[in-house]
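Listed below are the residues making up each chain.
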Amino acid sequence: MPNQKISKEKSIKRTKTFVEVAICAVLLAAGGFLIKGAMDRSKPVGRSDYEASEVEVDIPVPEDTTDPNMLLYTSVNVPTKDKFYGDLILVNNDHQYYHSGEEDLVSINELNDEQGISFFSAVDYDYTILRQAYQPMVDLITDYYNKYFDDTIIIYGSYRTTEFQKSLYDDDLAQTGNEESTRVAKAGFSEHETGLAIDLSETVDYDYTGEGDQAWINQNCYKYGFIERYQEDKTELTYIQPEPWHFRYVGIPHAAYITRSGICLEEYIDLLRTTYPYEGDHLSFADDDGNNYEVYFVASDDGADTTSVPVPSGLKYDISGNNVDGFIVTVYKDVPETAEPTYPAQETTEAEETTEAEPDEVAG
Ligand SMILES: [Zn+2]
């Protein structure tokens, strides 16, 4: 895998340059003044709802100071409860979704009508999806249609309220008697409740196979920010049977890395929190179009209302909770801070709103 290779080369380079770094300690101290100066001038980007810290924060500078591409960082204060929001939240039997009813949803068929899209629709006019996932979904299915002229795809599943998920689970339980279903998640534990997941089908049954022409969708969805979420060799980690029809939006950089690496979302979230914390090496890679990204993890400060999250100075970035124990920062290394985001982040609640009690950890 190219990414692993890059990572390995980087660590070898680091070992070699360790002595140089030690010798350059004095230079570093001088550099600190320059970095501090840059921090003072910088302002937060990407998420206007996070205000830059006014208190001077002691942000450790990554060790690899010989890297000419090294970024400068400032910090933003993020409401700690926002670790349960964002495109990268992990929702499965172990990690509950907490924000049912607060989503920024759009009607799939309503927006399709506005755009004059007639080659696919949701089975019902009420079907909604999280705003930022709508256009990537349209782009994916449009490119598929333009390639194969197949207009049989329908959206058979999208956003579900927790209430609706409960009725699906209860129906499945009545049919199978299995409380630990691998077909239907318990209420509060389905990705569909986030509005970031869609089920494709041809009829009102789960009859999308991902084979034949449809294989193009499964093989290329990552270029649009989606992953095939439940794959055959990952059922022990996802607790869900293989579902070639179920796609989860995570954003282009993460979908590219997850798909190329052959890992599932559980493994990716774990990889970031264990291997790529802010204080250590950051995950660096490019997508298929050559856009460069840096990704790192910041643990949430669970004892405080806000968590100080280091962010790059002068570059576009996104912050997402992981729904486990912190935040994932995605740096768009080629995009200056003034650029408009490709898919705007969802508005989040203001920091001054009353802080909800943090939900208890949910046992498996
Ligand atoms: Zn699904």
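Novice: Would you mind going over the overall build of the protein chain in detail, with residue names and values included?
Specialist: Tallying secondary structure elements over the protein chain gives nine helices and 13 strands in all. Looking at the protein chain as a whole, 46% of its 364 residues are labelled buried. Of all intrachain contacts in the protein chain linking residues separated by at least 6 positions in sequence, the fraction that spans at least 24 positions is 68%. Carbon and sulfur atoms form 51% of the exposed surface of the protein chain, whose accessible area is close to 17,800 Å².

Novice: I'd like a description of the coordination of the zinc ion, backed by residues and values.
Specialist: Looking at the metal site, the zinc ion is ligated by H192 (NE2), D199 (OD), D199 (OD) and H246 (ND1), spaced 2.0 to 2.7 Å from it. Along the chain, the residues donating to the zinc ion are arranged with the sequence spacing H-x6-D-x46-H. Like D199, H192 is buried.

Novice: Can you tell me about the sheet that holds strand β9 (residues 283-286), naming the residues and giving the values?
Specialist: Spatial strand order, β9-β10-β13-β12: four strands in an open sheet with antiparallel pairing. Unpaired on one side and paired on the other, β9 and β12 (315-321) mark the two borders of the sheet. On average, adjacent strands in this sheet sit at an angle of 25° to one another, irrespective of strand direction. Alignment of β9 against strand β10 (residues 292-299), held across four bridges, turns out to be antiparallel. What sits directly across from L283, in β10, is V295. Running over the sheet, helix α8 (residues 252-261) touches β9, β10 and β13 (326-336) and is turned about 95° from β9. Packing against the sheet, helix α9 (residues 265-275) makes contact with β9, β10 and β13, and its axis sits at approximately 75° to β10.

Novice: Now, about the sheet that holds strand β8 (residues 243-249): what can you tell me, with residues and values included?
Specialist: An order of β3-β5-β6-β8-β7 is seen for the five strands of this open sheet, with the pairing classed as mixed. Unpaired on one side and paired on the other, β3 (121-122) and β7 (226-230) mark the two borders of the sheet. By the bridge criterion, four bridges tie β7 to β8 in an arrangement that is antiparallel. Residue pairing in the sheet places F226 in a bridge with Y249 of β8.

Novice: Tell me about the packing of helix α3 (residues 108-115) against helix α4 (residues 131-148), and please be specific about residues and values.
Specialist: Running from N to C, α3 and α4 cross one another at 60°; their axes reach a closest spacing of 11 Å. As judged from the angle between their axes, α3 and α4 are oblique. Here α3 and α4 pass one another in a crossing that is right-handed. Along the contact surface, α3 presents I108, L111, N112 and Q115, while α4 presents Y134, Q135, M137 and V138. The residue makeup of the contact of α3 with α4, split by class, is five nonpolar, three polar and no charged.

Novice: Can you explain the confidence of the model for the protein chain? Please cite residues and give values.
Specialist: If pLDDT is low for a region, its predicted coordinates should not be looked at in detail. Here the protein chain averages 82 in pLDDT, while 74% of its residues score no lower than 70. Note that residues 1-49 has pLDDT below 50 and, in this model, 50 contacts with residues that lie over four places away or in other chains. Contacts of residues 52-57 to residues separated by more than four positions or lying in other chains number ten contacts, the stretch itself having pLDDT below 50.

Novice: Provide a residue-level description of the packing of aromatic side chains, including the pertinent values.
Specialist: Going through the model one piece at a time under the given rule, you end up with 18 aromatic pairs. Here Y144 and Y148 contribute two aromatic rings whose centre-to-centre distance is 5.5 Å and whose plane-to-plane angle is 45°, an arrangement assigned as tilted. Taken together, the positions of Y144 and Y148, both in helix α4 and four residues apart, correspond to about one turn of that helix. Y144 gets classed as buried once you look at its relative accessible area, which sits at 1%. The structure contains a cluster of three or more aromatic residues connected by ring pairs, namely Y257, Y268, F285, Y293 and Y332. We note K316 situated over the ring of Y332; from NZ or CZ to the ring centre the distance is 4.0 Å.

Novice: Help me get a handle on unusual backbone geometry, residues and values and all.
Specialist: The phi dihedral of F149 is positive, around 50°, even though this residue is not glycine. With respect to the secondary-structure elements, F149 resides in the loop between α4 and β5 (154-157). With a relative accessible area of 61%, F149 lands in the exposed category. Of note, the phi angle at Y239 is positive, near 65°, even though the residue is not glycine. Considering the arrangement of structural elements, one finds Y239 in the loop between α7 (235-238) and β8. Residue classification places Y239 among the partly exposed positions, given a relative accessible area of 28%.

Novice: Quick one: what's the story with the nonpolar core, residue by residue and with numbers?
Specialist: Grouped together as the largest cluster of nonpolar side chains are 29 residues, with contacts concentrated most on F120, M137, I155, L200, I217 and F226. Breaking this core down by element, the ones donating at least two residues are β4 (128-130), α4, β6 (197-201), α6 (215-220) and β8. F226 has contacts with A133, P136, M137, L140, I198, C221, F247, R248, Y249 and A255, leaving out every residue within four places of it along the chain. Ranked by size, the runner-up nonpolar core spans 21 residues in total, among them L90, Y222, I258 and F285.

Procedures and definitions
Residues numbered from 1 in each chain as written. Predicted model: local features only at pLDDT ≥ 70, side-chain atom pairs only at ≥ 80, totals over all residues. Heavy atoms only, no water. Helix = DSSP H or I, 4+ residues; strand = E, 2+ residues; numbered from the N terminus. Buried < 20%, exposed > 50% of the residue type's maximum accessible area, 1.4 Å probe, protein only. Contact = heavy atoms within 4.5 Å. Areas by Shrake-Rupley, 256 points an atom, 1.4 Å probe, with all protein chains shown as cover. Donors = N, O, S within 2.8 Å, 3.2 Å for Na, K, Ca; no water. Pairing = 2+ DSSP bridges. Axes fitted to C-alpha atoms, helices over the stretch in contact; angles between N-to-C directions. Parallel < 35°, antiparallel > 145°, perpendicular 65-115°, else oblique. Left-handed = near helix turned anticlockwise from the far one by under 90°. Nonpolar A, V, L, I, M, F, W, Y, C, P; charged D, E, K, R; others polar. pLDDT = per-residue confidence, 0-100. Phe/Tyr/Trp six-rings, centres within 6.5 Å; stacked < 30°, edge-to-face > 60°. Lys NZ or Arg CZ within 6 Å of the ring centre and 35° of its normal. Core = buried A, V, L, I, M, F, W, Y, C linked by side-chain atoms within 4.5 Å.

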